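Here is what each chain is made of, one letter per residue.
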Amino acid sequence: MRRVDVLSRYAVLLCVVLAAHAGRVAAMTDVEAMELGYKVAAVKMAIQEPAAPGAMHAITSLGHDQRYYVMVRGWLTYQLQGDRSLLEASPDQTKVRARVDFLQRAIRAIDLE
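Keep in mind that what you see is a predicted model, and the values were worked out from it rather than measured.

K.L.:
Honestly, the overall build of the protein in this entry has me stumped. Any pointers?
P.N.:
A tally of regular secondary structure across the protein gives 5 helices and 0 strands. The 113 residues of the protein split such that 31% are buried. Taking the intrachain contacts of the protein between residues at least 6 apart in sequence as the baseline, contacts between residues at least 24 apart amount to 63%. Working note: accessible area of the protein is about 7200 Å², and carbon and sulfur atoms make up 60% of it.

Laid out in C-alpha cells, this is it:
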C-alpha cells in the first residue's frame, strides 16, 4: 500500500473519530462539519507540500483549537516518525528532510500556543 494512501486513510479515520466525539459533546451542524473537513484537508495538503504558502498557518489554525489539538499533534507525530524512518533508510532525500524540519517546527508551534 502506498504511503499517501495510508495517510489519507489515517486522515479519514481521524475525521470519523472526531465527528463521533463531537456528536456526543454537541451536535455539529453541516456547515461546521464542512468547515472542519476543509481544515483537515488543508492540514493534509500542508503535510504533503510544506513549502506551500500558508502551510504552517493551516496546521496551527487547527492545532491551536483545543478540541482538535490531540488529533493534529498525533497526526504530525505519526508522519514525523515515518519520515524519520525514510531518512534512516536513505539519508539523501532532501524533500523528506525538508518535511521533517517542517513537521518539527509545526509540532513546536502548536505546543507553544
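Alright, that's what it looks like, and here's the rest.
K.L.:
Explanation requested: the pattern of salt bridges in the structure shown.
P.N.:
Close approach of charged atoms lets side chains of opposite charge pair. On inspection of all chains with the given rule, the structure shows 4 salt bridges. The shortest N-O distance in the salt bridge between Lys95 and Glu49 comes to 3.9 Å. Placement of the pair is Lys95 in helix α5 (residues 94-111) and Glu49 in the loop between α2 (30-48) and α3 (55-63), with a sequence separation of 46 residues. Among the residues examined, Glu49 registers a relative accessible area of 39% and is labelled partly exposed. A salt bridge links Arg73 to Asp111; the shortest N-O distance between them is 2.9 Å. Taken together, the positions of Arg73 in helix α4 (residues 69-89) and Asp111 in helix α5 put the pair 38 residues apart, joining distant regions of the chain. Residue classification places Arg73 among the partly exposed positions, given a relative accessible area of 25%.

K.L.:
When you look at the packing of α2 against α3 in this model, what are you seeing that I'm missing?
P.N.:
Any two packed helices are characterised by the angle at which their axes cross and by the distance between the axes. Across the interface, α2 lies against α3 with an axial gap of 8 Å and an inter-helix angle of 135°. As judged from the angle between their axes, α2 and α3 are oblique. By crossing handedness, the relation of α2 to α3 is classed as left-handed. The residues of α3 that touch α2, namely those facing Leu36, Lys39, Val40, Ala42, Val43, Ala46 and Ile47, are Ala55, Ala58, Ile59 and Leu62. Taken together, the residues that form the contact of α2 with α3 break down as 10 nonpolar, no polar and 1 charged.

Rules and cut-offs
- Along each chain, residues carry numbers from 1 onward, in the same order as the chain's sequence is written.
- For a predicted model such as this one, the threshold for reporting local features is a pLDDT of at least 70, and the threshold for listing and counting side-chain atom pairs is 80 or more; totals across whole chains, interfaces and linings nevertheless cover every residue.
- To obtain the side-chain values, all non-hydrogen atoms of the structure were included, while hydrogens and water were left out.
- In DSSP terms, a helix is any run of H or I states spanning at least four residues, a strand is any run of E spanning at least two, and both are numbered starting from the N terminus.
- Using a 1.4 Å probe on the protein chains alone, a residue whose accessible area is under 20% of its type maximum counts as buried, one over 50% counts as exposed, and one in between counts as partly exposed.
- Any pair of residues with heavy atoms lying within 4.5 Å of one another is described as a contacting pair.
- Using the Shrake-Rupley algorithm and a 1.4 Å probe, accessible areas are obtained, with residue cover drawn only from the displayed protein chains.
- The rule for a salt bridge is simple: a side-chain nitrogen of Lys or Arg has to be within 4 Å of a carboxyl oxygen of Asp or Glu.
- The angle between two axes is taken between their N-to-C directions and runs from 0 to 180 degrees, where each axis is a line fitted to C-alpha atoms and a helix contributes only its stretch in contact.
- Roughly parallel refers to an angle under 35 degrees, roughly antiparallel to one over 145, roughly perpendicular to one between 65 and 115, and oblique to any angle outside these ranges.
- By the definition used in this description, the sense in which the near helix is turned from the far one sets the handedness, with an anticlockwise turn below a right angle giving left-handed and a clockwise turn giving right-handed.
- For this scheme, ten residues count as nonpolar: Ala, Val, Leu, Ile, Met, Phe, Trp, Tyr, Cys and Pro. Four count as charged, namely Asp, Glu, Lys and Arg, and the remainder, Gly too, count as polar.

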